[in-house]
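Summary of the model geometry
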Amino acid sequence: LVNRRIMNKGVASNSPSESVHKMLYKTQMCWFFEKGCCTRNVCRFGHGEMELRPKPNLVKTRMCHFVRDRGFCRDRQCNF
C-alpha cells in the first residue's frame, strides 16, 4: 500500500506522511553521503552543512494522551 501511494503521486501529496516528509526535508545529514556512498538522485537528507534546514518545532502538534483519555492534563510542561 505504501509503495502504491508513492507511485501514485496524486494520492500521496495529501497524506499526513507526505506532509511530514516535506517538513523534515533536508533537516538531517545523509549518513550514506557521509560514508561516501549515497546513490540517490533526489535525496531528502542533507549533503553538507549548506543544504541543512532548521528542524521544525513540533511542540503542541499532537493531542496529549491524558487529555484524550481523561479530559485533562496536569503536566505544566506537557509538550502535547
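Source: prediction; values computed, not measured.

This paragraph deals with the overall build of the chain. In terms of helices and strands, the chain carries five helices and zero strands. The long-range fraction of contacts in the chain, counting pairs at least 24 apart against all pairs at least 6 apart in sequence, stands at 27%. For the chain, the exposed surface amounts to about 7,300 Å²; the carbon and sulfur share of it is 54%.

Tracing the backbone through its elements, the reader meets C43 in the loop between α4 (31–34) and α5 (65–70). C43 sits in the buried class, given a relative accessible area of 4%. C43 sits 17 residues away from K26 along the chain, and the two C-alpha atoms are 8.3 Å apart.

Another aspect to go through is a nonpolar patch on the surface. On the surface, a nonpolar cluster with roughly 320 Å² of combined accessible area is contributed by V20, M23, L24 and L58. With respect to the helices and strands, L24 occurs in helix α3 (residues 16–24). Overall, the relative accessible area of 39% leaves L24 in the partly exposed class.

Let's shift gears to the side chain of K26. Relative to the helices and strands, K26 is located in the loop between α3 and α4. Given the relative accessible area of 11%, K26 is considered buried. Here the side chain of K26 touches F45 through a polar contact of 3.2 Å, landing on its backbone oxygen. Other than its neighbours up to four places away in sequence, K26 contacts C43, R44, F45, G46, E51, L52 and R53.

Turning next to the pattern of salt bridges. Oppositely charged side chains may form a pair once their charged atoms are brought near each other. Counted according to the given criterion, the structure contains two salt bridges. As a salt-bridge pair, K26 and E51 come within 3.0 Å of each other at their nearest N and O atoms. One end of the pair, K26, is in the loop between α3 and α4; the other, E51, is in the loop between α4 and α5, and 25 residues separate them in sequence. Given the relative accessible area of 35%, E51 is considered partly exposed. With a shortest N-O distance of 3.0 Å, R68 and D69 are connected by a salt bridge. Relative accessible area serves as the criterion here: at 54%, R68 is assigned to the exposed category. Owing to a relative accessible area of 54%, D69 belongs among the exposed residues under this scheme.

Calculation criteria
Residues numbered from 1 in each chain as written. Predicted model: local features only at pLDDT ≥ 70, side-chain atom pairs only at ≥ 80, totals over all residues. Heavy atoms only, no water. Helix = DSSP H or I, 4+ residues; strand = E, 2+ residues; numbered from the N terminus. Contact = heavy atoms within 4.5 Å. Areas by Shrake-Rupley, 256 points an atom, 1.4 Å probe, with all protein chains shown as cover. Buried < 20%, exposed > 50% of the residue type's maximum accessible area, 1.4 Å probe, protein only. Patch = residues over 30% accessible without salt bridge, like charges linked within 9 Å, V, L, I, M, F, W, Y side chains within 5 Å. Salt bridge = Lys/Arg side-chain N within 4 Å of Asp/Glu carboxyl O. Polar contact = N/O pair within 3.5 Å; in protein donor to acceptor, adjacent residues only side chain to side chain.

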